[in-house]
Amino acid sequence: MRASTLLCTLAALLALAMAGASAAPADKQQVLKERQALMKKQADDLRAVKDYLDGKLDHAKATAAAADLTRTMGEIPEVFPPDTAGPSPDGKYAAKPAIWADWKGFLAHRNTAAAKVDTLAAALKSDDKTRIKTAFADLGKNGCGACHGKFREKLEK
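What counts as what
Residues numbered from 1 in each chain as written. Predicted model: local features only at pLDDT ≥ 70, side-chain atom pairs only at ≥ 80, totals over all residues. Heavy atoms only, no water. Core = buried A, V, L, I, M, F, W, Y, C linked by side-chain atoms within 4.5 Å. Buried < 20%, exposed > 50% of the residue type's maximum accessible area, 1.4 Å probe, protein only. Helix = DSSP H or I, 4+ residues; strand = E, 2+ residues; numbered from the N terminus. Contact = heavy atoms within 4.5 Å. Phe/Tyr/Trp six-rings, centres within 6.5 Å; stacked < 30°, edge-to-face > 60°. Expected span 1.5 Å × (residues − 1). Arc of directions from axis to C-beta. Polar contact = N/O pair within 3.5 Å; in protein donor to acceptor, adjacent residues only side chain to side chain.

## Considerations on the nonpolar core
In terms of nonpolar packing, the biggest core is built from 28 residues, with Val49, Phe80, Phe106, Leu120, Leu124 and Ile132 touching the most fellow members. Looking at this core, the elements with two or more residues in it are α1 (2-53), α2 (59-73), α4 (103-126) and α5 (129-151). When neighbours within four sequence positions are excluded, Leu124 is seen to be in contact with Val49, Tyr52, His59, Ala62, Thr63, Ala66 and Ile132.

## Looking at the packing of aromatic side chains
Counted by the stated rule, this structure contains 4 aromatic pairs. A ring pair is formed by Phe80 and Trp100, whose centres lie 6.3 Å apart and whose planes are at 45°; its orientation type is tilted. Highlighted residues: Phe80 in the loop between α2 and β1 (86-87) and Trp100 in helix α3 (residues 98-101), separated in sequence by 20 residues. Here the aromatic residues Phe80, Trp100, Trp103, Phe106 and Phe151 are joined through ring pairs into a cluster of three or more.

## Description of α2
One turn of the α-helix equals 3.6 residues, which is why residues spaced by three or four share an orientation. The end-to-end C-alpha distance of α2, which contains 15 residues, comes to 21 Å, matching closely the 21 Å that a straight helix rising 1.5 Å per residue would cover. Considered for burial, the residues of α2 that qualify are Ala62, Ala65, Ala66, Asp68, Leu69, Thr72 and Met73. Along the axis of α2, the buried positions cluster into a sector of 160°, meaning they face one direction only. The opening residue of α2, the one whose side-chain oxygen lies 3.2 Å from the backbone nitrogen of Ala60, is Asp58.

Given below as structure tokens:
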């Protein structure tokens, strides 16, 4: 009887372990989907500002996009939990392991980008197109671009 109880307990533990193992990739895939969705939302917001600068979109929509960028910058750490390295669902990019190896550095890059978003939002409020163009270029190069250069890998298809 004792051996059968032990066998049942081991079988139950094995079943739980297998269920947990199969659940982990689904959770990781969900995180990767959320990460890609956040990054695409940020790209859409940046495109709205660019469209405003190009005369294709009104000021109110560009200002709203900058406000959304401010909000989504705060969500970045949430979509990079530990053990979620891997390719984006579209297969174009992958988060580099350096994100988690240098978490403080990653957050510093995010903080720099967030500060540059704040500068862009302030420039949009002023509606000074020269100031907006300067802030937009700085965010692209030294904010988003600097982080992507260090922590994102373009995948070959």
